[in-house]
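For reference, the chains in residue letters:
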Amino acid sequence: MHEASIAQSILDLAIQECFINGYGRIERIKVEIGLLNSIHKDSLLFAFNALKTNTIAESAQLEIEEKPVGGYCNDCKRDFTTHEMFVFSCPLCGGMNFSVNQGRELNIIEMDVQ
């Protein structure tokens, strides 16, 4: 379960940032996660809740924004997005000549701290 190591990294980064900036408590952490990362949302939340105990994030909520897969098709010359985890062809025209430019995100985008 790689979600546990991801949850630990999120906590480590958030706590480090709070210490650097003089905050003593984290209330909420918002992350964006692309579908191509194959992260199971419920497993990430479970791991986060288990790992935050006895830290400055003990009462924090983890908010997850899932980002769809996005790309550009060179066959139909259009941008596309899909909520499918695996993309083998352009969802608009079925073409095989496409590039993926969205869906790999894994970022902390917002925190509420005190």
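Reading guide: rules and limits
- Residues numbered from 1 in each chain as written.
- Predicted model: local features only at pLDDT ≥ 70, side-chain atom pairs only at ≥ 80, totals over all residues.
- Heavy atoms only, no water.
- Patch = residues over 30% accessible without salt bridge, like charges linked within 9 Å, V, L, I, M, F, W, Y side chains within 5 Å.
- Areas by Shrake-Rupley, 256 points an atom, 1.4 Å probe, with all protein chains shown as cover.
- Salt bridge = Lys/Arg side-chain N within 4 Å of Asp/Glu carboxyl O.
- Helix = DSSP H or I, 4+ residues; strand = E, 2+ residues; numbered from the N terminus.
- Pairing = 2+ DSSP bridges.
- Axes fitted to C-alpha atoms, helices over the stretch in contact; angles between N-to-C directions.
- Contact = heavy atoms within 4.5 Å.
- Phe/Tyr/Trp six-rings, centres within 6.5 Å; stacked < 30°, edge-to-face > 60°.
- Buried < 20%, exposed > 50% of the residue type's maximum accessible area, 1.4 Å probe, protein only.

Asker: Account for a nonpolar patch on the surface, with residues named and values stated.
Answerer: Taken together, the side chains of Met-85, Phe-86 and Phe-88 present a nonpolar region at the surface, about 370 Å² in accessible area. By the element assignment, Met-85 lies in the loop between strand S4 (78-82) and strand S5 (98-102).

Asker: Got a sec to walk through the sheet that holds strand S6 (residues 106-113)? Specific residues and values, please.
Answerer: Here three strands make up an open sheet; going across it, the order is S2-S1-S6 and the pairing mixed. Bordering the open sheet on either side are strand S2 (61-67) and S6, each of which pairs with just one other strand. Pairs of neighbouring strands in the sheet enclose a mean axial angle of 20°, with direction left out of account. Docked against the sheet, helix H1 (residues 3-21) engages strand S1 (26-34), S2 and S6, running at close to 45° with respect to S6. Strands in contact with helix H2 (residues 41-51) are S1 and S2; relative to S2, the strand with the most contacts, it is inclined by about 155°.

Asker: Report on the sheet that holds S5, specifying residues and quantitative values.
Answerer: Read from one edge to the other, the open sheet built from three strands follows the order S4-S3-S5, with strand pairing classed as antiparallel. The sheet terminates laterally at S4 and S5, the two strands that pair on one side only. Averaged over all pairs of adjacent strands, the angle between strand axes in this sheet comes to 30°, irrespective of strand direction.

Asker: Before we move on, could you go through the packing of aromatic side chains and cite the residues and values that matter?
Answerer: Here the structure, examined in full by the defined rule, presents two aromatic pairs. Seen in terms of ring centroids, Phe-80 and Phe-98 are 5.9 Å apart; in terms of plane orientation they differ by 75°. Their pairing is edge-to-face. Separated by 18 residues along the polypeptide, Phe-80 in strand S4 and Phe-98 in strand S5 bring together distant segments of the chain. When its relative accessible area of 4% is taken as the criterion, Phe-80 is described as buried. With centroids separated by 6.4 Å and ring planes inclined at 15°, the aromatic side chains of Phe-86 and Phe-88 adopt a geometry described as stacked. As far as the burial class goes, Phe-86 and Phe-88 line up, both exposed.

In short, the description is geometric, and any link to function would need to be established separately.
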